[in-house]
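Okay, here's what each chain looks like letter by letter:
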Amino acid sequence: MNHFRSGLSLLLFLLLLPHPARAAEGNFVLLYSNDVHGETAPCG
Amino acid sequence: MGGLSKKAYQLKELRKETSAPILTLDGGALLFDEMPLPPAQEAPAKATARGIVKAYNLMGYDAVGVSRYDLAGGLPFLRRMAKDSKFRWLSANLMDQADHKPLFLPRLIKKVGSLTVGVIGLTGTGGPPPADGVILPWREALPAVVTELEPKTDFIILLADIDRQQIEEITATLPAINLIIQTRGNGTNQPPELVHQSLICRTAKQGKYLGMLSLDWQGRPDWGRRPAAVLLDRKRALDRLNWQLRHLPKTAALQEEKKGLAEEIATLESDKDKISSFQNRFLAMESSVPDEPKVEAVVSEIRQEINRLGRQAAQQRAGAAGGDHSYVGWQACARCHPLETKNWQKTKHAGSYRTLTVKKQQFNLNCLPCHVTGIQKETAAALALSEGRRTVGCEMCHGPGGKHAQAPKRNQVRRRPAAEVCLRCHTPEQDDDFDFQRDLKRAAHPE
């Protein structure tokens, strides 16, 4: 029970820690486009 | 719109292949490329715009920036499009004229994997202001949105309809912006370029490419090449230097250079996990890329609608003579130039209008001017041309033949077209394999 309590306290402590602003790391893929405007139709 | 179904296919495949979380954005200038729209083009351009929104809904875009060109159909039209969109239209500086409140969502906050990403839209200020709306200069709208996003997000992206000078100013003033997707640039692909501490990128115009940027964000804007690649490069340089030191006189300069390189390598070794890095590639919408069936169906539906609208306009113009009357059509030329005509009839130019009828696009004003003779500015006139001009005929290369037909000796036509004549239609966007000298020989005929 004591282990459970101290584990819970630690979890709460970690959750309540202020989020370090703009320090997160990670990766992602950005798929991007621009100036599509009507895309030339293959007329013929 | 032809590239949309290919882009949809590429997006689907990339999402299947990529294990990293994905964010899909469009910088803007999505719907229109003219401002204001010519009256004859308004209905087909809006039909195209509706089709693009439907296609983008199917493609799973997250957000699109509002460019001033997206306003060419009017503010109410764009707001209707925004209602029909499953993605967000973003603009931090397009405000209601009455209460100066944003007309679109200024920014979007989205969880992308372990990162919280903020995306802001910025509408360009050039051109006539939209009715009922006002576009604020970036200095009056952008800083507040960035300040609001900074503590809430890990990475900030700006979708911006701005020129180079504004990029310099914004990146110098607002270092919290990590990446800018620029719209209305010079029409070419721009791989990520570091301006101050922000990356700037864009794709070429008319949706011919899709950009794919893999980002490894280490929490600070120290952008570099893949650290491992840089390290390898520096270690190779050190190897070369060691060889020189073994075989050449050991000058102080060489010794100094070795010391500098060794220090650089040590720093790179200790910092290699702290350098944010990226890899970018552009995927071309080549004809070999398959079409995604659902988006292809949308494109086909819109093409039919555009042709229907053009047919309607053509019926309204029935009886009205079409275009410039100094053009007489190929049959008039054939009377005196039968051999040349026979030769021309074997070229692709002669069948140019037929290709449109086969594709049921013979009333599409986007296509017609380059598939008929003698239409330049007044494109709507292409809907009411005589049969002899419904082809890329003699006069397309040699100029209008009306006066020449009346008095051939006195009114000579040009024998050989200048490159500019061909380049009106064989633009890089429409014919990326065009070579004037080579292709002139293919189209030419014996005199």
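Position numbers for residues start from 1 in each chain and track the written sequence from start to end. Whichever chain is written first is A, and whichever ligand is written first is 1; the rest continue in order. Note on the predicted model: pLDDT of at least 70 is required for a residue's local features to be given, and 80 or more for side-chain atom pairs to be given and counted; whole-chain, interface and lining totals, by contrast, use all residues. As a convention, hydrogens and water are excluded, and side-chain values are obtained from all of the structure's heavy atoms.

Some details on the sheet that holds strand E5 (residues 107–112) of chain B
Residues and elements named next belong to chain B. What counts is decided by this rule: Here, strands pair whenever DSSP counts at least two bridges between them. Every helix listed is a DSSP run of H or I at least four residues long, and every strand listed is a run of E at least two residues long, numbered separately from the N terminus. All axes here are fitted lines through C-alpha atoms, helices being fitted over the stretch that makes contact, and every angle between N-to-C directions spans 0 to 180 degrees. In this analysis, two residues are considered to be in contact whenever any of their non-hydrogen atoms come within 4.5 Å of each other.
Taken together, the six strands give an open sheet; going across it, the order is E5-E6-E8-E9-E11-E10, and neighbouring strands pair in mixed fashion. The sheet terminates laterally at E5 and strand E10 (190–195), the two strands that pair on one side only. Between one strand axis and the next, the sheet turns by 20 degrees as a mean value, whatever way the strands run. With three bridges joining them, strand E9 (residues 179–182) and strand E11 (residues 198–202) adopt parallel strand pairing. Along E11, the bridge assignment pairs Ile181 with Cys201. Each of E5, strand E6 (115–122) and strand E8 (155–160) touches helix H4 (residues 138–149); the most contacted strand, E6, lies at about 170 degrees to it. Relative to the sheet, helix H5 (residues 164–173) contacts E6, E8, E9, E10 and E11, its axis offset from that of E10 by approximately 45 degrees.

Here's the deal with the confidence of the model for chain B
Condition: pLDDT measures the predictor's confidence residue by residue and takes values from 0 up to 100.
With 96% of its residues at a pLDDT of 70 or more, chain B has an overall mean of 90. In the predicted complex, the global pTM is 0.77; the interface-specific ipTM is 0.79.

Some details on the sheet that holds strand E12 (residues 209–217) of chain B
Whenever strands of a sheet pair, they do so through backbone hydrogen bonds, lying parallel or antiparallel. Spatial ordering of the open sheet is given by E3(B)-E2(B)-E1(B)-E1(A)-E12(B)-E14(B)-E13(B), a layout of seven strands whose pairing is mixed. Each edge of the sheet is formed by a strand with only one pairing partner; in this case those strands are strand E3 (88–90) and strand E13 (223–224) of chain B. As paired elements, strand E2 (residues 63–65) of chain B and E3(B) share three bridges and run parallel to each other. The partner of B:Ala63 across the bridge, within E3(B), is B:Arg88.

Considerations on the interface of chain A and chain B
Rules: Put simply, buried area is how much 1.4 Å-probe accessible surface two parts lose in total, over both of them, once they are put together. Within this document, salt bridges are pairs made up of a side-chain nitrogen of Lys or Arg and a carboxyl oxygen of Asp or Glu, the two lying within 4 Å of each other. Distance and chemistry together define a polar contact, namely a pair of N or O atoms within 3.5 Å, with one atom able to donate a hydrogen and the other to accept it when in protein, and with adjacent residues in sequence counting only for side-chain atoms on both sides. Gly is put with the polar residues, along with every residue not named as nonpolar or charged; the nonpolar set is Ala, Val, Leu, Ile, Met, Phe, Trp, Tyr, Cys and Pro, and the charged set is Asp, Glu, Lys and Arg.
Each partner contributes to the interface: chain A provides 25 residues, whereas chain B provides 74 residues. The contact between chain A and chain B buries some 4000 Å² in all, and 54% of this surface belongs to carbon and sulfur atoms. Inspection of the chain A/chain B interface yields one salt bridge. We note a salt bridge from A:Asp35 to B:Arg184, for which the minimum N-O separation is 3.9 Å. Counting the contacts that link chain A with chain B gives 22 residue pairs in polar contact (both at pLDDT 80 or more). Within the side of chain A that touches chain B, the residues separate by chemical class into twelve nonpolar, nine polar and four charged. Where strand E1 (residues 26–33) of chain A meets E12(B), seven bridges bridge the pair, whose relative direction is antiparallel. Paired with A:Phe28 across the bridge in E12(B) is B:Leu215.

Focus on the packing of aromatic side chains
The following threshold applies: Between rings of Phe, Tyr and Trp, where Trp is taken as its six-membered ring, a pair exists when centres lie within 6.5 Å; planes separated by under 30 degrees are stacked, by over 60 edge-to-face, and by other angles tilted. Note on classification: 1.4 Å probe, protein chains only; a residue is buried when its accessible area is under 20% of the maximum for its type, exposed when over 50%, partly exposed between these limits. Each ring is checked for a lysine NZ or an arginine CZ that lies within 6 Å of its centre and within 35 degrees of its normal; such an atom marks a charge sitting over the ring.
A complete count under the given rule lists eleven aromatic pairs over all chains for this structure. Ring geometry for A:Phe28 against B:Phe155: centres 5.6 Å apart, planes inclined by 85 degrees, an arrangement best described as edge-to-face. Residue A:Phe28 is located in strand E1, and its partner B:Phe155 is located in strand E8; the two belong to separate chains. For the pair A:Phe28 and B:Phe155, a shared accessibility class is recorded, and that class is buried. Aromatic pair B:Phe32 and B:Phe77: ring centres 6.0 Å apart, planes at 50 degrees, arrangement tilted. Of this pair, B:Phe32 sits in the loop between strand E1 (22–26) and helix H2 (39–59) while B:Phe77 sits in helix H3 (residues 75–84), placing them 45 residues apart in sequence. Each of the two residues, B:Phe32 as well as B:Phe77, counts as buried. Pairwise contacts between aromatic rings join A:Phe28, B:Phe155, B:Trp217, B:Trp223 and B:Phe278 into one cluster. Sitting above the plane of the B:Tyr69 ring, B:Arg184 keeps its charged end 3.4 Å from the centroid.

A short note on the side chain of B:Thr347
Residue and element names in this part refer to chain B. Positionally, Thr347 belongs in the loop between helix H10 (338–344) and helix H11 (352–358). At a separation of 2.6 Å, a polar atom in the side chain of Thr347 contacts the main-chain carbonyl oxygen of Trp344. Sequence-distant contacts of Thr347, defined by excluding residues within four places in its chain, comprise Arg442 and Ala443.

Details of helix H15 (residues 436–443) of chain B
All names here are of chain B. Which entries qualify depends on this criterion: Working note: the arc is built from the helix axis to C-beta atom directions.
Residues of H15 that are buried: Phe436, Asp439 and Leu440. Down the axis of H15, the sector holding all buried residues measures 110 degrees, keeping them to one side. With respect to the buried face of H15, the exposed residues turned more than 90 degrees away are Lys441 and Arg442. Two or three places before Gln437, at the start of H15, stands the capping residue Asp435, its side-chain oxygen 3.2 Å from that residue's backbone nitrogen.

Concerning the environment of B:Leu174
All names here are of chain B. For Leu174, the location among the structural elements is in the loop between H5 and E9. The exposure class assigned to Leu174 is buried, which follows from its relative accessible area of 9%. Considered as a pair, Leu174 and Ser198 are 24 residues apart in the sequence and their alpha carbons are 9.3 Å apart. The contacts of Leu174, once residues within four sequence positions are left out, are Trp138, Leu142, Pro143, Val146 and Gln197.

Some points on the nonpolar core
Stated formally: As used here, the term nonpolar core means buried Ala, Val, Leu, Ile, Met, Phe, Trp, Tyr and Cys residues forming a set that is joined through side-chain atoms within 4.5 Å.
Core analysis: the biggest nonpolar cluster contains 39 residues, and B:Leu31, B:Tyr56, B:Met59 and B:Trp89 have the highest contact counts within it. Of all the secondary structure elements, the ones that give two or more residues to this core are E1 of chain A together with helix H1 (2–17), H2, H3, E12 and helix H8 (293–317) of chain B. In this view, B:Met59 contacts B:Leu4, B:Lys7, B:Ala8, B:Leu11, B:Arg15 and B:Val295; residues no more than four positions away in its chain are not counted. Counting 24 residues, the second largest nonpolar core, distinct from the first, contains B:Leu90, B:Leu108, B:Ile181 and B:Leu213.

Digging into the state of the cysteines
Working definition of a disulfide: a covalent bond connecting the sulfur atoms of two cysteines. Residues and elements named next belong to chain B. Threshold: Working definition: a disulfide is two cysteine sulfur atoms within 2.5 Å of each other.
Inspection of every chain in the model, using the stated rule, returns one disulfide over all chains. Among the cysteines around Cys333, which has no disulfide bond, Cys394 carries the closest sulfur, lying 3.8 Å off. Here Cys333 falls in the buried class, since its relative accessible area comes to 15%.

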